[in-house]
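What follows is the residue order along each chain.
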Amino acid sequence: MVLRWLVALLLWARVEALQEQKFAMEPQDQTAVVGSRVTLPCRVINKSGLLQWTKDGFGLGNLTGYDRYSIVGSTEEGDYSLEIYPVVLDDDAIYSCQASAGPDGELPIRSRVANLSVLVPPEPPSIIQGSHLLTTEDREIELECISIAGKPPAEITWVDGVGNLLRDDIEYLTELQPDQKTYTARSILKLTARKEHHNTTFTCQAQNTADRTYRSARLRLEVKYAPKVRVYIVGNGSRLVEGQDVRLMCSATANPPDITYRWFVNNQLVLDDPTTELVLKNISQAHHKSVVRCEVHNLVGKSEESETLDVGYGPRFRIKPYSVQADVGASVTLTCDVDGNPAPNIVWIHEDSGRRGNVLTLTWEQVVSTSPNLTVNVAPDTAGRYFCRATVPGFPDVRAEATIYMKGPPTIVSHRTQYGIPGDNIRLECSAFSIPTPQKVVWSFKGEDVGSDLAYSVLEDQITEGIKSTLIIRDSRQEHFGIYNCTVSNPYGSDIVEITLKAQKSFPLHSTLIGVMGGIVVFVAVTTVLILCQRTRVAKPQVEKAEEVKQPKENDLASNISDLKLELEYSGSESGSESAGPRAGLPLAGPVPLDTRYSHCYTPSELSDSFPPQQLNGQHNDGYVPYVDYARDYNPPVPLPAGVSPVPPAIPETTEVDPRYSAVYGNPYLRHTVSPQLPPPPNPQSALPPPPYSILRNGATPQTRPAIRPTPQTNKPTLATHV
């Protein structure tokens, strides 16, 4: 019995379970754009009561009067979804699906609520300031863009004239509309007007989730601005160089475009007629780092731009190195301060290792420093001259020198042997160098100081880093010749040398002048002969026979005949044969048969076969002209070869002819021939030396004339000067 009751109970519970109303699907929150279609789902199982939708808690019943609402789905399957089309803003509400109690006492059911959010695209935006705005540079302006009736509020963005999205200095505001569902959005762009903004367009874009397509509004901004200036150098490559002309250009833009120019150089107004161009002539070092400024004006204001000149120029000393004196072991600094653009390269060279002649040569081994300041520890091997050379590419270099003097005792550099002429005033010189400068010079002779002797006087001259002391002996006598001591001292020590004074005979001035003039005469004569010979060789061919000497004219007889005048006449046939023409005239000394060798001019080597060089006072005469002694009045006639008459036939026998007027005397070549009867050359021991000559004093003979000493060198015998 109990079992039967349990089975019946279970069957009843199942039947009851099958009859209960419940939702298989409930509506959910949705979003819809105005004008779109939206469906709110609702499915009920075991529906037994009446089903309806509610909006904001108000039942819609059987949807009578709601033309845009409809129930869609299959009722057999229990689908009672609500479709709304087209969606309007008023559809924005809270919806739910519910079923009433069934006839058999089924319980009513109600779904959860669903929020339908209706989205509304905003109206096209607009800019409050309009589509055009005129402003002035550097003035702050505000551009306001408004977008209304959007749900949600419109998003507003700003874009400048080149497409850049602006993010800074923007204020965004929203305001709820009276319908309490849509919004008005505002965006305010704060902007400082610049020249770059002139004639550019600013765009305001608005959109929300209801419509992703941007809607926009535009504003063109016109900016009045002061001139914008650009100054630049025209041409000249990449570098300005001293001595060039510089052309500068001033380029300016402005609104309004009516502008005026002014130029300044280092704040000094250029008074020339101002234009867009300025030319600086022949720039120099003074223009380096000069500021050239261009100032431009218009109605809005003025602007300016400047250019600093970078002028290249060669090295110039600001401070030249100067010599210093220091003790051994001291540290000294030499400064070579040089200006140049670009910065000069400086090298130091020690002593004369880099100097050859007057040219300073450099190798890396000789460079001791490349710094403007050279610091040296003074020692014997570091003392001496230092050369500073500064170079700038493209310009001549500059050089200077300084010496590091090492302090020490004096050093005497005078000649150890000096000469004087007895009876004259004699000067003995004693020069010494030291750092510091020598302070005292003492002369002594035979162990006694000569300072108190009236026959002596001393002159002292300051020279560079030294002193020159001159001992003057007035009206010198033989006892004044001998060994003198010169002692030079300074605080670091002294030096002493022995100077030997020797006697030297003098030579009269007129004898020297005679010798010089004689040498000039000989030189002119030899030069004339060589020129005549050269002309004869070029003008006439060699002949087989010498022509006879023409008869001299009357004026020739009265002249001092120094040259033998010959006229050679030639004639030849077409076959090339030659024959001697008529000969006329004889020389004053009679006919002279000439060897065929004398019909031409010969080289010194050819003539040396007939005229061997003579030895004169131990010297050789390398020319082919025989020795002629012009110091005497004349030479006696030289014996002529056989067959030569000593007197020309044209002159009466009673007329006596001075041998100086003979052709033999006038032409040294006719004094000697190749004949063995010619006398031998003069005795070299008896002949005077060639000119110039000096008349010996006191009747001295050539054998007793003292030899002239060579020019003395340092530490060698020298001829003392006399006054």
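The model shown is predicted, which means the values in this text are computed figures rather than measured ones. (Residues numbered from 1 in each chain as written. Predicted model: local features only at pLDDT ≥ 70, side-chain atom pairs only at ≥ 80, totals over all residues. Heavy atoms only, no water.)

**Student:** Whenever I open this one, the confidence of the model for the protein confuses me. Can you help?
**Tutor:** Any segment with low pLDDT has predicted coordinates that should not be analysed in fine detail. Overall, the predicted model of the protein reaches an average pLDDT of 76, with 69% of residues at or above 70. Note that residues 541-723 has pLDDT below 50 and, in this model, 232 contacts with residues that lie over four places away or in other chains. (pLDDT = per-residue confidence, 0-100. Contact = heavy atoms within 4.5 Å.)

**Student:** Help me understand the sheet that holds strand E38 (residues 398-406), please; the structure alone is not making it clear to me.
**Tutor:** Pairing between the strands of a sheet is mediated by backbone hydrogen bonds and can be parallel or antiparallel. The strand order E29-E38-E37-E32-E35 describes an open sheet built from five strands, whose pairing is mixed. The open sheet terminates on both sides in strands that have one partner only, identified here as strand E29 (324-326) and strand E35 (367-369). The mean angle between the axes of side-by-side strands here comes to 30°, regardless of whether they run parallel or antiparallel. Bridge count for E29 against E38 is three bridges, and the pairing is parallel. Of the residues in E38, the one forming a bridge with Gln325 is Tyr405. (Pairing = 2+ DSSP bridges. Helix = DSSP H or I, 4+ residues; strand = E, 2+ residues; numbered from the N terminus. Axes fitted to C-alpha atoms, helices over the stretch in contact; angles between N-to-C directions.)

**Student:** Before we go on, may I ask you to explain a nonpolar patch on the surface in this structure?
**Tutor:** A cluster of nonpolar side chains, namely Val516, Met517, Ile520, Phe523 and Val524, defines an oily patch on the protein surface of about 480 Å² accessible area. Of note, Met517 is situated in helix H2 (residues 509-539). (Patch = residues over 30% accessible without salt bridge, like charges linked within 9 Å, V, L, I, M, F, W, Y side chains within 5 Å. Areas by Shrake-Rupley, 256 points an atom, 1.4 Å probe, with all protein chains shown as cover. Salt bridge = Lys/Arg side-chain N within 4 Å of Asp/Glu carboxyl O.)

**Student:** I would appreciate a short explanation of unusual backbone geometry in the present structure.
**Tutor:** Across the chain, the bulk of peptide bonds are trans and the bulk of non-glycine residues have phi less than zero. Between Asn255 and Pro256 the backbone carries a cis peptide bond, its omega angle lying at 5°. Turning to its location among the elements, Pro256 is positioned in the loop between strand E22 (246-255) and strand E23 (260-265). Cis rather than trans, the peptide bond between Asn341 and Pro342 has omega equal to 0°. Topologically, Pro342 is positioned in the loop between strand E31 (337-341) and strand E32 (345-350). At Leu63, a residue that is not glycine, the phi angle is positive and equals roughly 65°. Tracing the backbone shows Leu63 in the loop between strand E6 (58-59) and strand E7 (69-72). Positive phi values are uncommon outside glycine, yet Asp169 reaches one of about 55°.

**Student:** Sorry, what's going on with the state of the cysteines here?
**Tutor:** Note on terminology: disulfide describes a covalent bond linking the sulfur atoms of two cysteines. Scanning the entire structure with this criterion turns up five disulfides. Note that Cys145 is cross-linked by a disulfide to Cys204, the S-S spacing being 1.6 Å. Across the S-S bond of Cys145 and Cys204 the torsion is about -70°, and the bridge reads as left-handed. With a gap of 59 residues between them, Cys145 in strand E14 (residues 140-150) and Cys204 in strand E19 (residues 200-208) connect regions that are remote in the sequence. Between the sulfur of Cys430 and that of Cys486 lies a disulfide, 2.0 Å long from S to S. Measuring the twist about the S-S bond at about -90°, one finds the Cys430-Cys486 disulfide to be left-handed. (Disulfide = S-S within 2.5 Å.)

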